Amino acid sequence: MTASLIGDNLLRPFQLEQSALRGRLVRLGALVDRVLTRHDYPEPVSRLLGELFVLAATLAGGLKFQGTFSLQVRSAGPVSLMIADCTNDGAMRGYAKFDAARVAAAPQATVRDLLGDGQLALTVDQSEAGQTYQGIVELTGNTLTECMQAYFRQSEQLKTGLKIAVERVEDQSARRWRAGGIMVQRLPEQVADGGEERMEEDWRRTMLLLGTATEGELVDPHLAPERLLLRLFHDEGVRVFQPLDLSFRCRCSRERVELVLRRFPPADLEDMKEADGQLVVTCEFCKAAYRFDEAKLARLHGGPH
Ligand SMILES: [Zn+2]
């Protein structure tokens with residue numbers, strides 16, 4: 001059975017026919033569990049990174065690009081770095097860097113306590129077209145979701161409704177991380193037949209309906225995404241579009257690691273060696289370890305083959 005049949009690890013665009021509002025639903029199961037469990041993050045860090053993953057998929061789904069959309073948080077707080085990215089064909093990856101003692105000492109798991117005065121950067125990296133779009137989100141809300149909503153209000157004049165949940169769910173006697181979210185947006189150029197008043201009314205009604213989605217529903221492994229949309233918006237005429245399957249896929253490779261190592265002078269590489277004389281580069285995203293012995297290092301700098 002493919003992921004889209006079960007309804008996990010996917011991005012499902014939809015439209016509400018009554019109001020012509022567009023939306024996207026994201027559901028992450030095994031994908032997000034793999035990331036959060038393999039890295040064994042403390043719970044507050046897992047929740048933040050899970051939220052960032054849902055945001056990355058949701059936002060990527062609203063952009064036309066060939067390449068990688070990435071969200072990156074940098075802060076002086078207990079969690080100093082978080083990355084989640086999503087390619088146009090649905091490959092996702094991400095990780096967090098944090099100080100465990102400071103995370104444990106944080107009074108609450110809010111953005112303020114864990115990320116301090118951080119910033120969230122939005123980037124689209126299109127290696128083919130060579131274009132990069134960047135936006136900066138100030139982290140002034142309690143959750144990343146709140147920060148993102150404020151960003152849309154201020155900088156893009158996109159009316160945006162957003163609800164995200166990250167939960168640990170009992171599944172076949174194991175506790176697994178799951179995450180999900182729904183975003184509804186009104187594009188600036190959108191004009192309804194009934195004019196401004198009708199548009200406002202449509203928006204208010206839709207936000208009330210979105211508000212009734214519970215965290216449990218957003219992550220429920222037994223509730224198909226389409227059924228959840230129908231449950232929430234049954235009088236609005238929900239039309240769903242072809243989903244995009246999302247999967248964990250890292251883009252690291254031995255070749256890429258070699259490209260990076262070539263930029264270091266031989267003396268620096270010497271300092272990076274471990275006790276056994278090998279140099280080991282571990283990918284932060286997937287934990288893959290790339291090993292270089294003396295002979296391989298020599299080859300990097302055009303030494304004997
Ligand atoms: Zn990797």
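1. Regarding the overall build of the protein
- Looking only at helices and strands, one finds 12 helices and 14 strands in the protein.
- In summary, the protein has a C-alpha radius of gyration of 22 Å against a globular reference of 19 Å for 305 residues, a match within 12%.
- Principal axes of the C-alpha set define a box for the protein whose edges measure 75 × 45 × 45 Å.
- Sequence-distant contacts in the protein: of pairs separated by 6 or more residues, those separated by 24 or more amount to 63%.
- Accessible area of the protein: about 15,500 Å², with a carbon and sulfur share of 48%.
- Between the averaged position of the 38 positive side-chain charges in the protein and that of its 43 negative side-chain charges there is a distance of 3 Å.

2. A word on the coordination of the zinc ion
- Note on the zinc ion: its protein donors are C250 (SG), C252 (SG), C283 (SG) and C286 (SG). The metal-donor distances range over 2.2 to 2.3 Å.
- Every donor counted, the 4 donor atoms about the zinc ion form angles of 103 to 116° at the centre, which fits tetrahedral coordination.
- One chain supplies every donor to the zinc ion, and in sequence these donors are spaced C-x1-C-x30-C-x2-C. Highlighted residues: C252 in the loop between β12 (247-248) and α10 (254-262) and C286 in the loop between β13 (279-282) and β14 (289-292), separated in sequence by 34 residues.

3. Quick word on the side chain of N9
- Tracing the sequence through the fold places N9 in the loop between α1 (3-6) and β1 (10-16).
- Within polar-contact distance, the side chain of N9 engages the backbone nitrogen of L31 at 3.3 Å.
- The residues contacting N9, other than those within four sequence positions of it, are R27, L28, G29, A30, L31, L244, D245 and L246.

4. Looking at the packing of helix α2 (residues 30-39) against helix α3 (residues 43-60)
- Put simply, α2 and α3 touch, their axes get as near as 10 Å, and they point 140° apart. Our pair here, α2 against α3, has a crossing hand that is right-handed. Seen from α2, the contacting residues are L31, V32, V35 and L36; seen from α3, they are S46, L49, G50 and F53.

5. A word on the pairing of strand β9 (residues 174-186)
- Taking burial as the measure, the 13 residues of β9 include 10 buried ones, the bulk of the element.
- Two strands pair when backbone bridges link them, and strand β2 (residues 21-28) and β9 are joined in this way by 7 bridges, in the antiparallel orientation. The partner of L25 across the bridge, within β9, is I182.
- As judged from the 13 bridges shared by strand β8 (residues 159-171) and β9, these two strands associate in the antiparallel manner. From the neighbouring strand, G161 faces β9, where its bridge partner is V184.

6. As for the packing of aromatic side chains
- In this structure the tally under the stated criterion is 4 aromatic pairs.
- The cationic tip of R93 hangs over the ring face of F285; the distance from NZ or CZ to the ring centre is 3.7 Å.
- The ring of F292 carries the charged tip of R254 above its face, separated from the ring centre by 4.3 Å.

7. Structural notes on a nonpolar patch on the surface
- Side chains of V260, F264 and M272 sit close together on the surface and give an oily, nonpolar patch of about 220 Å² of accessible area.
- Counting through the fold element by element, F264 comes out in the loop between α10 and α11 (266-272).
- Accessibility expressed as a relative area gives 30% for F264, which makes it partly exposed.

8. Thoughts on the pattern of salt bridges
- Scanning the model with the defined rule gives 18 salt bridges in all.
- With its nearest N and O atoms 2.9 Å apart, the salt bridge here joins R47 to E43. Placement of both R47 and E43 in helix α3 is noted, with a separation of 4 residues, approximately one turn of the helix.
- You can call R47 partly exposed: its relative accessible area is 28%.
- R93 is paired through a salt bridge with D85; the nearest N and O atoms lie 3.5 Å apart.
- Since its relative accessible area comes to 11%, R93 is described here as buried.
- According to the relative accessible area criterion, D85 is buried, its value standing at 4%.
- Three or more residues are tied together by salt bridges with common partners; here these are R198, D202, R205 and E236.

9. Observations regarding the nonpolar core
- One finds L28, L71, M82, L115 and M148 to be the most contacted residues of the largest nonpolar core, which totals 60 residues.
- Residue contributions to this core peak at 11 residues, all from α3.
- Setting aside its immediate chain neighbours within four residues, L115 contacts L48, V73, S75, A76, G77, V79, M82, T110, L139 and L144.
- Among the nonpolar cores identified, the runner-up in size contains 19 residues, and F14, L16, I182 and W203 belong to it.

10. Notes on the environment of Q72
- Secondary-structure assignment places Q72 in strand β3 (residues 68-74).
- A relative accessible area of 22% means that Q72 is categorised as partly exposed.
- For the pair Q72 and L52, spaced 20 residues apart in sequence, the C-alpha separation works out to 8.8 Å.
- Other than its neighbours up to four places away in sequence, Q72 contacts L81, M82, I83, Q119, L120 and A121.

Cut-off values and rules
- By convention here, each chain's residues receive numbers from 1 onward along its written sequence.
- Confidence filtering applies because this is a predicted model: local features only for residues at pLDDT of at least 70, side-chain atom pairs given and counted only at 80 or more, and all residues used for totals across whole chains, interfaces and linings.
- Just so you know, side-chain values use all the structure's heavy atoms and leave hydrogens and water out.
- The numbering of helices and of strands both runs from the N terminus, where a helix is a DSSP run of H or I of at least 4 residues and a strand a run of E of at least 2.
- Restricting the calculation to C-alpha atoms gives the radius of gyration, and the globule rule supplies 2.2 Å times the number of residues raised to the power 0.38.
- Residues are treated as being in contact if the distance between any of their heavy atoms lies within 4.5 Å.
- Surface accessibility in these figures is a Shrake-Rupley result with a 1.4 Å probe; residues are shielded only by whichever protein chains are displayed.
- Residues scored as charged are limited to Lys and Arg (positive) and Asp and Glu (negative), so that His and the chain ends carry no count.
- Here the site of a charge means atom NZ of a Lys, CZ of an Arg, CG of an Asp or CD of a Glu.
- Any N, O or S atom lying within 2.8 Å of the metal counts as a donor, with the limit raised to 3.2 Å for Na, K and Ca; because water is left out of the atom set, some sites can appear incomplete.
- Geometry is assigned from the angles between donors: four donors with all angles from 85 to 135 degrees make a tetrahedral site, four or six donors whose opposite pairs exceed 155 degrees while the rest stay between 65 and 115 make square planar or octahedral sites respectively, and everything else is labelled irregular.
- In protein, a polar contact means a hydrogen-donor-capable atom and an acceptor-capable atom, both N or O and within 3.5 Å, with residues adjacent in sequence counting only if both atoms are side-chain atoms; elsewhere, any N or O pair within 3.5 Å suffices.
- In this description, a line fitted to the C-alpha atoms serves as the axis of each element, helices being fitted only across the stretch in contact, and the angle between N-to-C directions of two axes falls anywhere from 0 to 180 degrees.
- The handedness criterion is simple: a crossing whose near helix is rotated anticlockwise from the far helix by less than a right angle is left-handed, and one whose near helix is rotated clockwise is right-handed.
- Residue burial is assigned from relative accessible area. The probe radius is 1.4 Å, only protein chains are included, and a residue is buried under 20% of its type maximum, exposed over 50%, and partly exposed in between.
- At least two DSSP bridges between two strands are needed for those strands to be called paired.
- Ring geometry is summarised as follows: Phe, Tyr and Trp rings, the Trp one being its six-membered ring, pair when their centres sit within 6.5 Å, and such pairs are stacked at plane angles under 30 degrees, edge-to-face over 60 and tilted between the two.
- The rule is short: NZ of Lys or CZ of Arg within 6 Å of the ring centre and within 35 degrees of the ring normal puts a charge over the ring.
- Residues enter patches when their relative accessible area tops 30% and they take part in no salt bridge; the joining distance is 9 Å for like charges and 5 Å for the nonpolar side chains Val, Leu, Ile, Met, Phe, Trp and Tyr.
- Only one rule defines a salt bridge in this text: a Lys or Arg side-chain nitrogen within 4 Å of an Asp or Glu carboxyl oxygen.
- Here the nonpolar core consists of buried residues drawn from Ala, Val, Leu, Ile, Met, Phe, Trp, Tyr and Cys, with membership extended through side-chain atoms lying within 4.5 Å.

Note that every value here comes from positions in space, so none of it alone points to a role or purpose.
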